[in-house]
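Analysis of the macromolecular model
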Amino acid sequence: MEKAVATLSATCTKCNQKGTVDDMATLKDIAVKVGVSVSTVSRVLANDSNRLVNTDTKQRIWDVANELGYQVKSPSSNTSQAVRQIGCVVSTMQKRHYHPYFSVIFDGIEKELSKHGYKIAYTYTQEELQRPEVLRSALHDSPLDGLIVIEGIDNKIYQHFKKHVKAVVGIDVSDPEIPCIAYDRVEAARVAVTHMIDQGYRDIMFIGGTGLSGRFEKEKRYRGYKLALEQAGLSVREDRVLDASWEPDNAYRLMLQYLEKHAGNLPTAVFAASDIMAMASMRAISEKGYSIPDDFAVMGFDDNEPSRYTVPPLSTIRIPTFEIGVIAAKTMLQCIRDPYPLPIRIHVPFEPIFRQSTAKAGD
């Protein structure tokens, strides 16, 4: 449904079948049909966020305004200007907005939405949404056409969004009630670790994070790591699993500590659940005087652009992050215009990229 940034002096017409003006739709007409005050209609059509208006009420006002032919003028021109907005929330707890995985997904979302007259209203991280004032703003300040949720967020916050936003699309979200785009993380991790085993590496460390559950057993990349070891007749050693909370600084620090503490009993390979943690580990390994891959093979995950420029170049699993963003945006547009009869699940492929950081043991 089209919306417009309004000025309070904006007017519109309703036309008869011959195309001539026969009467003028007013703010009062909209207010009566929606069942709210004229001032509420005025604030919504003026995009005034100083006072909160329920998101459903905002949507109804815009719907009725469109139904009555109320075309609102843009502040910068005399022609109507659509403002159609999609919110984005992301699971990462990191304070920085740039992230080599999530930022590429956002890029895909934004580019596809812009082709169709939509824009991203905001991008909030889970950490930001823990603040009540930010959550209130996300739910009420912008009249959203839809929301894209990237990976799982706190359930209470998530349910708030589902209650207030009509169209919700997930990227790797475990909710069967919404359309979702995902890839097989368990299988991707299994392929990565199996490659290292096939290269002759048998003692493989895992570096990652536990996510919302706080348990590695529920983390998909860890499960793929464990499955690959079990299929090769190997067992997971608890002392070979490091929880870096998805932070590269933690991965670097923990790897340094591990190399110092276990100098006489070290693994021969490292599988990191993201490229940035893999690169942090590589730095720690090199600083301690070890060689990659002679002393340690290192495997990442995501195929972020910097991974091909490490020394040696990093083996990884290529995830089509930009394309995931594009598909999520297309799915959102479909949900707004002509919703699917059932929540769809779209699975995208991954691609193993084997570079020099996992060269065959002994070569």
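Refer to the structure printed above.
For clarity, every value in this text was computed on a predicted model and none was experimentally measured.

Turning our eyes to something else, we now look at the layout of surface pockets. To find the voids left in a structure, one rolls a probe of water-molecule size over its atoms. Roughly 1100 Å³ of volume is contained in the largest pocket. Surrounding the largest pocket, 37 residues form its lining, Ser 91, Glu 151, Gly 152, Gly 211 and Leu 212 being those nearest its centre. Looking at the lining of the largest pocket, the elements with two or more residues in it are helix H7 (155-164) and helix H9 (220-231). No other element matches the three residues that H7 contributes to the lining of the largest pocket. For the lining of the largest pocket, the per-class residue count stands at 12 nonpolar, 14 polar and 11 charged.

Turning our eyes to something else, we now look at the pattern of salt bridges. For the structure shown, the criterion picks out 21 salt bridges. Between Glu 133 and Arg 131 there is a salt bridge; the shortest N-O distance is 3.2 Å. A residue is classified by how much of its surface remains accessible, and Glu 133, at 40% relative accessible area, is partly exposed. Arg 131 gets classed as partly exposed once you look at its relative accessible area, which sits at 44%. Put simply, Arg 237 and Asp 239 hold a salt bridge, and the shortest N to O gap is 2.9 Å. A residue is classified by how much of its surface remains accessible, and Arg 237, at 31% relative accessible area, is partly exposed. With a relative accessible area of 31%, Asp 239 lands in the partly exposed category. Three or more residues joined by partner-sharing salt bridges are found here, namely Glu 151, Asp 172, Arg 185 and Lys 220.

Turning next to the nonpolar core. Membership of the largest hydrophobic core comes to 74 residues, with the highest contact counts inside it found for Ile 109, Ile 148, Ile 150, Ile 204, Ile 207, Tyr 225 and Phe 271. Here this core gets eight residues from one element, more than from any other, and that element is helix H11 (residues 275-287). Among residues more than four places away in sequence, those in contact with Ile 207 are Leu 242, Ala 244, Ala 251, Met 255, Val 270, Phe 271, Ala 272, Ala 273, Met 277 and Ser 281. Counting 20 residues, the second-largest nonpolar core is a separate cluster that includes Leu 135, Ala 138, Leu 139 and Ile 153.

Right, let's talk about the pairing of strand S6 (residues 168-171) for a bit. Here S6 shows no split at all, with Val 168 and Gly 170 on one side and Val 169 and Ile 171 on the other all buried. Where S6 meets strand S7 (residues 180-182), two bridges bridge the pair, whose relative direction is parallel. By the bridge assignment for S7, Ile 171 is matched with Ile 181.

Below, the discussion takes up the packing of helix H10 (residues 248-261) against H11. Working note: a packed helix pair is described by the angle between its axes plus the distance between those axes. For the pair H10 and H11, interaxial distance at closest approach is 8 Å and the crossing angle is 35 degrees. Handedness of the crossing formed by H10 with H11: right-handed. The residues of H11 that touch H10, namely those facing Pro 248, Ala 251, Tyr 252, Met 255, Leu 256 and Leu 259, are Ile 276, Met 277, Ala 280, Ser 281, Arg 283, Ala 284, Ile 285 and Glu 287. Looking at the contact of H10 with H11 residue by residue, the class counts come to 11 nonpolar, one polar and two charged.

Moving on, we come to the sheet that holds strand S11 (residues 297-299). If you walk across this open sheet you meet the four strands as S9-S8-S10-S11, and the pairing is parallel. Every other strand in the sheet has two partners, leaving strand S9 (241-243) and S11 as the edge strands with one partner each. Along the sheet, successive strands turn relative to each other by an average axial angle of 15 degrees, direction set aside. In terms of strand pairing, strand S8 (residues 204-208) meets strand S10 (residues 269-272) through four bridges, oriented parallel.

Parameters at a glance
Residues numbered from 1 in each chain as written. Predicted model: local features only at pLDDT ≥ 70, side-chain atom pairs only at ≥ 80, totals over all residues. Heavy atoms only, no water. 1 Å grid on protein atoms, 1.4 Å probe; cavity = no way out; pocket = protein on both sides within 12 Å on 5 of 7 lines; lining within 4 Å. Points joined across faces, edges and corners; volume = space filled by probe spheres on them. Helix = DSSP H or I, 4+ residues; strand = E, 2+ residues; numbered from the N terminus. Nonpolar A, V, L, I, M, F, W, Y, C, P; charged D, E, K, R; others polar. Salt bridge = Lys/Arg side-chain N within 4 Å of Asp/Glu carboxyl O. Buried < 20%, exposed > 50% of the residue type's maximum accessible area, 1.4 Å probe, protein only. Core = buried A, V, L, I, M, F, W, Y, C linked by side-chain atoms within 4.5 Å. Contact = heavy atoms within 4.5 Å. Pairing = 2+ DSSP bridges. Axes fitted to C-alpha atoms, helices over the stretch in contact; angles between N-to-C directions. Left-handed = near helix turned anticlockwise from the far one by under 90°.

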